[in-house]
Amino acid sequence: MLTLGFSGQALGYTMPFDKICKIGRKYNMRVCEVWECNAAGDGLGWKNRDIKEMKRIADSEGVRIECVTLGAAFGYSGSAEEYSDMLCYTIEAAAETGALRINHYCAAVSPNEADFARMEEFWAKPIKLAEEYKITLALENEAHDATKTPDRMLKIMEHFKNPYFKTNLDCTNYYQAGADGFPDAYETLKPYIGYIHLKNAHNNYDNFKYVPVPDGAVNIHSLVCKVKVDKSYNGLCSLEPHVAPEKVEEYYKIESAYLNPLF
């Protein structure tokens, strides 16, 4: 079932997870994506995080964790083996929470054109583990790496060609990269969608600015409707407001009121 939810990252560095869950529920969102900042512990990745306690908090707040994110690819300078192990541990963390998907990034893995040999070094072992756990690895497109356009992401998807290796479709990130987020990106990547992030933005005199979903240049309304009609994806669609923490709830209020009737 297509479900509107929230990302724990938006408030995760300023607020404990139980309060974040309460805010999500306030706006009729009971499914979430979690980041390392939502679990007690330290270090890069999920290995030294208290996953059990995070899951206990979610359960007690009536919130289901459906996605676990590994953000370590940004600025990463370690070995492929070390990163591969981090992503595998993220899959195990997701299994512990009951999450169905992992959100991860290309970034330093392949910052320019797709380097498939390097990608294999970083992702081959996690893909095999994801198959065993039946958890989807969803690669998010970003405006500043090898995933920046729908055609580039399509080549990556076609290279790996695995039902547990898909893309996190973020239409606004494609817009930021100068591509058409909807309908072009959606139609290009429709068979490979394994997750969706929802946010919006517009360019104002060459100034890229994030705005609430109803106010941006990307047709998020039609995206959600088309996904439902096509049945191209079933699962969590997370609101991802890229704003200062003090404005997050303001965006949630506007965006949930606009989008909840579509779900």
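Below is a summary of the structure that appears in this document. (Residues numbered from 1 in each chain as written. Predicted model: local features only at pLDDT ≥ 70, side-chain atom pairs only at ≥ 80, totals over all residues. Heavy atoms only, no water.)

### Here's the deal with the overall build of the chain
Right, so step 1: On a plain count of helices and strands, the chain comes out with 10 helices and 10 strands.
Right, so step 2: Its C-alpha atoms give the chain a radius of gyration of 17 Å, within 12% of the compact-globule value 18 Å for 263 residues.
Right, so step 3: C-alpha extents for the chain along the principal axes are approximately 45 × 40 × 35 Å.
Right, so step 4: Expressed as a percentage of the 263 residues in the chain, the buried residues total 55%. (Helix = DSSP H or I, 4+ residues; strand = E, 2+ residues; numbered from the N terminus. Rg over C-alpha atoms; globule rule 2.2 N^0.38 Å. Buried < 20%, exposed > 50% of the residue type's maximum accessible area, 1.4 Å probe, protein only.)

### Side note on the sheet that holds strand E10 (residues 236-239)
Right, so step 1: An order of E1-E2-E3-E4-E5-E6-E7-E10 is seen for the eight strands of this closed barrel, with the pairing classed as parallel. When the angles between neighbouring strand axes are averaged without regard to direction, this sheet yields 30°.
Right, so step 2: Of the strand pairs in this sheet, strand E2 (residues 31-34) and strand E3 (residues 64-69) are connected by four bridges, and their pairing is parallel. Bridged to Val31 within E3 is Arg64. (Pairing = 2+ DSSP bridges. Axes fitted to C-alpha atoms, helices over the stretch in contact; angles between N-to-C directions.)

### Examining the nonpolar core
Right, so step 1: In this structure, Tyr83, Trp123, Leu169 and Leu198 are the most contacted members of the largest nonpolar core, which totals 92 residues.
Right, so step 2: When residues of this core are assigned to their parent elements, the largest contribution, eight residues, is made by helix H4 (residues 80-97).
Right, so step 3: Among residues more than four places away in sequence, those in contact with Tyr83 are Leu70, Ala72, Ala73, Tyr76, His104, Tyr105, Val109, Phe122 and Trp123. (Core = buried A, V, L, I, M, F, W, Y, C linked by side-chain atoms within 4.5 Å. Contact = heavy atoms within 4.5 Å.)

### Topic: the packing of H4 against helix H5 (residues 116-133)
Right, so step 1: At a minimum axis separation of 7 Å, H4 and H5 run at an interaxial angle of 20°. The orientation of H4 with respect to H5, classified from their angle, is roughly parallel. In this structure, H4 meets H5 at a crossing whose hand is right-handed. Only Glu121, Phe122, Trp123, Lys125, Pro126, Leu129, Ala130 and Tyr133 of H5 make contact with H4, whose side of the interface consists of Ala80, Tyr83, Ser84, Asp85, Leu87, Cys88, Ile91, Glu92 and Ala95.
Right, so step 2: A breakdown of the residues in the contact of H4 with H5 according to their chemical character gives 12 nonpolar, one polar and four charged. (Parallel < 35°, antiparallel > 145°, perpendicular 65-115°, else oblique. Left-handed = near helix turned anticlockwise from the far one by under 90°. Nonpolar A, V, L, I, M, F, W, Y, C, P; charged D, E, K, R; others polar.)

### Notes on the environment of Glu36
Right, so step 1: Counting through the fold element by element, Glu36 comes out in the loop between E2 and helix H3 (51-60).
Right, so step 2: Taking the relative accessible area as the measure of exposure, Glu36 reaches 10% and is therefore buried.
Right, so step 3: Measuring from C-alpha to C-alpha, the distance between Glu36 and Ala72 comes to 10.0 Å, with 36 residues separating the pair along the chain.

### So, the side chain of Glu61
Right, so step 1: Turning to its location among the elements, Glu61 is positioned in the loop between H3 and E3.
Right, so step 2: Residue class for Glu61 comes out buried when judged on its relative accessible area of 12%.
Right, so step 3: Within the structure, Glu61 has its side chain in polar contact with the side chain of Arg25 (distance 3.0 Å).
Right, so step 4: Among all residues touching Glu61, those that are not within four sequence positions of it are Asp18, Cys21, Lys22 and Arg25. (Polar contact = N/O pair within 3.5 Å; in protein donor to acceptor, adjacent residues only side chain to side chain.)

### A closer look at the state of the cysteines
Right, so step 1: Following the criterion strictly, the structure yields zero disulfides and no others.
Right, so step 2: Cysteine Cys37 remains unbridged, with the sulfur of Cys32 as its closest cysteine sulfur at 11 Å.
Right, so step 3: Relative accessible area serves as the criterion here: at 19%, Cys37 is assigned to the buried category.
Right, so step 4: With no disulfide of its own, Cys106 has Cys67 as its nearest cysteine by sulfur position, at a separation of 17 Å. (Disulfide = S-S within 2.5 Å.)

### Side note on the pairing of strand E6 (residues 165-169)
Within a regular beta strand, the side chains point alternately toward one face of the sheet and then the other, so they alternate between its two faces.
Right, so step 1: Among the five residues in E6, four count as buried, and that is most of the element.
Right, so step 2: Pairing between strand E5 (residues 136-140) and E6: four bridges, direction parallel. The partner of Glu140 across the bridge, within E6, is Asn168.
Right, so step 3: Viewed along the sheet, the connection from E5 through helix H6 (residues 150-160) into E6 turns out right-handed. (Right-handed = clockwise from strand over helix to strand, strands pointing away.)

### Re the pattern of salt bridges
Right, so step 1: Evaluation of the coordinates by the stated rule reveals 17 salt bridges.
Right, so step 2: Its salt-bridge partner being Asp59, residue Lys55 comes within 2.8 Å of it at the nearest N-O pair. One end of the pair is Lys55 and the other is Asp59, both in helix H3 and four residues apart, which spans about a single turn.
Right, so step 3: A residue is classified by how much of its surface remains accessible, and Lys55, at 24% relative accessible area, is partly exposed.
Right, so step 4: Arg64 is the partner of Glu66 in a salt bridge, and the nearest nitrogen-oxygen pair spans 2.8 Å. (Salt bridge = Lys/Arg side-chain N within 4 Å of Asp/Glu carboxyl O.)

In short, geometric facts, not functional conclusions.
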